[in-house]
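Structural overview for review
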Amino acid sequence: MNFSEVFKQSNQLCKVSPDGKYLATCVQYRLVVRDVETLQILQLYTCLDQISHMDWSSDSLFILCAMYKRGLVQVWSLEQPDWHCKIDEGSIGLVSSRWSPDGRHILNTTEFHLRVTVWSLCTKAVSYIKYPKACQKGIDFSRDGCYMALAERRDCKDFVSVFVCDDWHLLRHFETETQDLAGLEWSPNGCVLAVWDSCLEYKVLLYSLDGRLLSTYSAYEWSLGVKSVTWSPSSQFLAIGSYDEKVRILNHITWKKITQFEHPATINNTKAVVYKEVVKRPAVCSDDLSLHNITIGNTLFNTQSKYEICPTPVQLPVVKPDPDRANPKIGISTLAFSSDSRYLATKNDNMASVVWVWDVQKMSLVAVLEQTTAVRCFQWDPRRPRLALCTGNTKLYLWSPAGCVSVQVPTEGGFQVQSLNWHCSGDSLILLGKEQLCLCYMDNDQEDK
Amino acid sequence: MSPSRQNNLVSSLPLSRSSYNVISAFCTEDNMPQCISYINQELDSLGLCSTRIEASSPGGATINTVSALNAMYEIMTIHRRNMCNLEELEKDQLKTSSNLDHIQMNNSRLKDQLELSIREKSGLHETERQLQLKIKTLQSCLKTEKDEVQKLQSIIASRASQYSHDAKRKERETAKIKERLNQLLVDRKDKKLAMDVLNSVGRSDGKRSHWKTTKTTASHEGEMYKSLLNDYEVSQRSLMLENAELKKVLQQMKKEMIHILSPRPSRDDSRDQAESDGEEKVGDSSRETLDQSCEQAREQLTNSIRQQWRKLRNHMEKLDSQASKVQNQMESNKEVVQRETHEDEMERMRREVQQCKEFIHAQQQLLQQQLHTSFDDETAALLNDCYTLEEKERLKEEWRLFEDQKRNFERERKNFTDAAIRLGREKKAFEEDRASWLKNQFLNMTPFTDRRRCSSSDGQSALSIRSEPEMRMSSTKSPPAKSSTYAAFSTPKPTQSATVPSTTELYRTLRLIPDSSSSRHSKRGCWPESSTIEDGDFRVKSNRIRCGDLSIFSLGGDENSLT
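Nothing here was measured: the structure is a model prediction, and the numbers come from that model.

In this section: the overall build of chain B. On a plain count of helices and strands, chain B comes out with 13 helices and one strand. Each helix and strand of chain B, placed in order from N terminus to C terminus, yields the pattern α-α-α-β-α-α-α-α-α-α-α-α-α-α. In chain B, buried positions account for 19% of the 563 residues. Residue pairs at least 24 apart in sequence account for 67% of intrachain contacts in chain B once pairs closer than 6 positions are excluded. Surface accessibility of chain B: about 43,600 Å² in total, with carbon and sulfur atoms responsible for 56%.

So this is what it looks like as structure tokens:
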């Protein structure tokens, strides 16, 4: 495992191009494009204001930089550095900006979600979509890039509009049976749209591409409901994480629950492996506390940690959420399937320092990773069943069915890993700190421990 | 009581009237003074000491009437008093009896009341208990209800907080909108929204864009439906494959079950079943060719599978019962004997194995001991020393024995030699005597021609004659050697060349060698043949023997021949 040197970035804006060749980072108002292998700067663009959002187009030719405060979007071309494009939303403001799947249209959501403006780079034409819903996830593009589903709210009712991304033709427009639609997501095969209600009501609706309601699923009433939803990459399963600390899995044939995964505070399952991160502090000898040692030896203060396998039963640390506050820190907030649909990683906000890994084939718990602090981010390798996670300290943790390893990021000055992203090839990881980023190149020839 | 008393009183009156007669009987003119004294005594006893009946005249024919009247009066007062007392007592008695009655009545009444109240109490207890039970159940219900209420309350609370949060958010947003609206209305400087592009970019797929027409909308619809249909077809295909697989598996199972159930010829129903199954199979296969997903075929298949499974299960149960029966019958069977012998064999083999194991174990232990002892040098050396010491001791012992034996042997040898010498001497003496006697005889008998020659020839001839028996007598040694020696003996001068006969020769001649005459020497021990230690001594002795006793040998030989 090799680590690159540390680069500056701002706003956690650091993305690899879809073809995996370039790495774009934002530093204040500059956009820096590097080559992924050599990390040499290829292009440098300057925007008009501090960049709030940055994204690659799907063909890796263009990058959009949105400046929400100014209501501006600037688009840069990789092929022609001289080419420029500036979209000014004017006084209507800008809340979010994104590419369309064909990489030639930009969808801007105006302030207060008044409308969605579709700007075309080919024809300079503008389209408007009225009444978009301001919710957790109101827009989703299908994986093949053909269709876009948009959540709308009119007259206190929720609607879903399906657009053909080719020419933004409204294909279907139907009302949903939700009280307050919180999000929608296409299945990876693009044929089913999952729509879920806000947390006040547990309801997940499944619509087919042509707008027919296929099925409704509601696990219980009255208590707080759905917190997170994700499809398995094979479209076979829909995993629903809810506030009652359970994950329910629906199958794509009958749309009925086939199993539910519970996240209890005490683990009695003997088949699961419980990895506990154990921190060893290096012994500091009082004689050696010279200035030389303190300045040079960062490693002196860097604590070593390793994983220990704990025998069941294991007690996990639970943090009780404040009952009076809205959106309590309880329930399954993060769900992620591995790329082969074999494993599901979940995180219960109640036990924020624990990541649970489930085997979807056997429908059972495979591993539990207990960290010392709250887990900030985890992501599956896009090629193989390997999970990378970080907890905001200077370490990177990797889990695979073979085992678990904790790697110290060897940088000076203590690089706190706040989030991470896999490269699309699965060969490297981009680690993002507060103001810094670092690349970690995996050694995929030999088995990772 | 009182009436009886009265009766007594009444009866006493007539009695008194009739008693007058008695009294008159009591007192007569004769016994007047006695009567008077008796009455006075009675009056005294009644306590009327002062009142006495006096006789008016001595002799007591009459009495003093005054005193008599006084006495009577006193007695009457006493009587009246008694009567009053009696009345009072009777009254009291009446009272007490009525009291008693009253109390008894009360008592019984109270007892009844008590019983009643006790019964009531038990009844109340019972009702109380039931009520307590009810209370408990109601309390538990109440608890559950409270819990549920609490849960609902918490849910309501969380929902309320969520609602309020959302409402606040919305309010904030509306506030912002209002502000913005205000700002816009005031500003009026509308920043035009515009896009400033250097040049248009080509489409991602490189083609030209199309006009929006109904045809395009229709084509979009068509494409959408196409993709949906594709997906459905794919899933249907996979489901059909799965279905076909499962059906195949079920068919296989059914066939196997039929196969398992059919081979027993005693069961008629299975044969029938096989026939009917055959029909079914035919039916099924024909149906298979038609349509896999035919509802009826599916149902039939599942039904037949269920039937077969039930049969199989029954069959298994029967087998189980049969097996248990057979188990019970096993004792009287031949198999039992076989098993017993088998078991005996097993036992024997086990024992053998055990023994072998023990043996090996013991061997191993000893080996271990050996190895372990060899490791420790000091103790090994010590042990070795011990062993060698033992051996040395033994050796010493044996040497000692050997020395003893040698000494014995020497002693006996000495004795032998002494005896031999003595014998030799005696023999010599005897020979000399004999010789002289013979000489004398000869001299007496024959004329002397050549004494010397004759003597020598005699000697020679005698010697030769003697040598012959010597030859005969001696077992192994060569006669010429002896004859030479004897020839040497004939000359009185000692010859240096005369070799001393070896020990063995000597012994042989003396018949002392154990191979020929071991039985003779009863008192001798066993003589080692190769003792050359005392040859020197012997040579000396033999020299001495040689000097004059050489003829002893011949004599001895002769003697022996003669004997």
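The next thing to look at is the overall build of chain A. From N to C terminus, chain A includes two helices and 41 strands. By sequence separation, contacts in chain A at least 24 residues apart represent 45% of the contacts at least 6 residues apart.

All right, on to the pairing of strand β4 (residues 22-27) of chain A then. Residues and elements named next belong to chain A. Summarising the sheet, strand β3 (residues 14-16) and β4 pair through three bridges and their orientation is antiparallel. By the bridge assignment, lysine 15 is partnered in β4 with alanine 24. Here β3 folds back onto β4 in antiparallel fashion, the turn holding five residues, of which glycine 20 has a positive phi close to 80°. Between β4 and strand β5 (residues 30-35), which follow one another and run antiparallel, lie two residues, and glutamine 28 among them has a positive phi close to 55°.

All right, on to the sheet that holds strand β16 (residues 147-154) of chain A then. Strand order in the open sheet formed by four strands is β15-β16-β17-β18 (chain A), and the pairing between neighbours is antiparallel. Looking at which strands have only one partner, the edges of the open sheet turn out to be β15 (139-141) and β18 (169-175) of chain A. For this sheet, the mean angle separating the axes of adjacent strands, direction not counted, is 20°. Pairing between β15(A) and β16(A): three bridges, direction antiparallel. The residue bridging Phe141(A) from the neighbouring strand is Met148(A), located in β16(A). Helix α4 (residues 214-261) of chain B rests against β16, β17 (157-164) and β18 of chain A of the sheet, and its axis sits at about 60° to β18(A).

With that settled, consider the side chain of His105(A). All names here are of chain A. Position of histidine 105 among the secondary structure elements: in strand β12 (residues 105-109). At a separation of 3.2 Å, a polar atom in the side chain of histidine 105 contacts the side chain of aspartate 102. Non-local contacts of histidine 105, meaning those with residues more than four positions away in its chain, are made with Arg98, Trp99, Ser100, Val118, Trp119, Ser120 and Trp168.

This next bit is on the environment of Thr394(A). All names here are of chain A. Here threonine 394 is to be found in the loop between β36 (387-390) and β37 (395-400). Spatially, the C-alpha atoms of threonine 394 and glutamine 408 are 6.1 Å apart, while their sequence positions differ by 14 residues. With sequence-adjacent residues up to four places away left out, threonine 394 is seen in contact with Val407, Gln408, Val409, Gly414, Phe415 and Gln416. For threonine 394, the side chain forms a polar contact with the side chain of glutamine 408, separated by 3.2 Å.

Residue and element names in this part refer to chain A. Taken as a whole and judged by the stated rule, the model has 17 aromatic pairs over all chains. Seen in terms of ring centroids, tryptophan 231 and tryptophan 255 are 5.9 Å apart; in terms of plane orientation they differ by 85°. Their pairing is edge-to-face. Note that tryptophan 231 is positioned in strand β23 (residues 226-231) and tryptophan 255 in the loop between β25 (246-251) and β26 (257-262), a separation of 24 residues in sequence. Like tryptophan 231, the residue tryptophan 255 is buried in the burial classification. When the ring of tyrosine 275 is compared with that of tyrosine 307, the centres are 6.0 Å apart and the planes differ by 75°; the resulting orientation is edge-to-face. Note that tyrosine 275 is positioned in strand β28 (residues 273-280) and tyrosine 307 in strand β29 (residues 304-310), a separation of 32 residues in sequence. Accessibility assignment for this pair places tyrosine 275 and tyrosine 307 in one class, buried.

Cut-off values and rules
Residues numbered from 1 in each chain as written. Chains lettered and ligands numbered in written order. Predicted model: local features only at pLDDT ≥ 70, side-chain atom pairs only at ≥ 80, totals over all residues. Heavy atoms only, no water. Helix = DSSP H or I, 4+ residues; strand = E, 2+ residues; numbered from the N terminus. Buried < 20%, exposed > 50% of the residue type's maximum accessible area, 1.4 Å probe, protein only. Contact = heavy atoms within 4.5 Å. Areas by Shrake-Rupley, 256 points an atom, 1.4 Å probe, with all protein chains shown as cover. Pairing = 2+ DSSP bridges. Axes fitted to C-alpha atoms, helices over the stretch in contact; angles between N-to-C directions. Polar contact = N/O pair within 3.5 Å; in protein donor to acceptor, adjacent residues only side chain to side chain. Phe/Tyr/Trp six-rings, centres within 6.5 Å; stacked < 30°, edge-to-face > 60°.

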